[in-house]
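Architecture at a glance
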Amino acid sequence: MAALSTLGIIHTAISLVAVATGIISLIRYREISWRNMIGKTYVVATIFTCVTGFGIFHHGGFNKAHVLGIITLFVLAIALASGEKTRVFGRFSPYVETVCYSMTFFFHIIPGVTETATRLPVNAPLSSSPDDPHIQMIIGISFLVFLVGATLQVLKIRGRRAKAAKEGRAVA
């Protein structure tokens, strides 16, 4: 097992900030949003996680992790474009924004589980490769948790909008 490079250490530290703020935001607000400081910290840390990840080649050249970083940045861009000020998806913007931010959190889980399982414990990692069936199972379960969470978030937005419509007021 190779030791982390300086860039790897910086990347890991930033990603831990992103994951921690994502967890805090999901617990506190039931969503990740650019409208509060925790959400902004999550988004910025996620961007820096992706950018620093592009310089890491632990598994040889350009690989799946780099593709995931590109996809994450793309999904973040969609989430940001869906915000209150732009609403590029019209009435669906709040749904797109919320689900996209949650999806980026799920994307953090993939390398988090993979790198942790293939590196720890130091002298006897839990898995020998990212393709280990146990890793794939954990990522699959995490995806199901994401789907359930995103569904609950969509239902919450829908309920909030229905209540506002019933009361005769507009809601974003």
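Residues numbered from 1 in each chain as written. Predicted model: local features only at pLDDT ≥ 70, side-chain atom pairs only at ≥ 80, totals over all residues. Heavy atoms only, no water.

**Details of the packing of helix α2 (residues 37-53) against helix α3 (residues 64-81)**
Threshold: Think of each axis as a best-fit line through the C-alpha atoms, taken over the contacting stretch in the case of a helix, with angles from 0 to 180 degrees between the N-to-C directions. Going along the chain from the N terminus, every DSSP run of H or I of four or more residues is numbered as a helix, and every run of E of two or more is numbered as a strand. An angle below 35 degrees is treated as roughly parallel, one above 145 as roughly antiparallel, one from 65 to 115 as roughly perpendicular, and anything else as oblique. The handedness criterion is simple: a crossing whose near helix is rotated anticlockwise from the far helix by less than a right angle is left-handed, and one whose near helix is rotated clockwise is right-handed. We call two residues contacting when some pair of their heavy atoms lies within 4.5 Å. Note on residue classes: Ala, Val, Leu, Ile, Met, Phe, Trp, Tyr, Cys and Pro are nonpolar, Asp, Glu, Lys and Arg are charged, and everything else, Gly too, is polar.
Where α2 meets α3, the closest approach of the two axes is 9 Å, and the angle between their N-to-C directions is 150 degrees. With respect to their mutual orientation, α2 and α3 come out roughly antiparallel. The crossing of α2 and α3 is left-handed. Residue-level contacts link Val-43, Thr-46, Ile-47, Cys-50 and Gly-53 of α2 to His-66, Gly-69, Thr-72, Leu-73, Leu-76 and Leu-80 of α3. Here the contact of α2 with α3 is composed, by residue class, of six nonpolar, five polar and no charged.

**What about the packing of aromatic side chains?**
Counted only if it meets this: Centres within 6.5 Å make a pair out of two Phe, Tyr or Trp rings, where for Trp the six-membered ring is used; the pair is then stacked when the planes are under 30 degrees apart, edge-to-face when over 60, and tilted otherwise. Residue burial is assigned from relative accessible area. The probe radius is 1.4 Å, only protein chains are included, and a residue is buried under 20% of its type maximum, exposed over 50%, and partly exposed in between.
Counting across every chain of the model gives five aromatic pairs. For the pair Tyr-42 and Phe-105, a centre-to-centre distance of 6.4 Å together with 40 degrees between the ring planes defines the contact as tilted. Of this pair, Tyr-42 sits in helix α2 while Phe-105 sits in helix α4 (residues 93-119); the two residues are 63 residues apart in sequence, bridging distant segments of the chain. As far as the burial class goes, Tyr-42 and Phe-105 line up, both buried. By way of ring pairs, the aromatic residues Phe-106, Phe-107, Phe-143 and Phe-146 are connected into one cluster.

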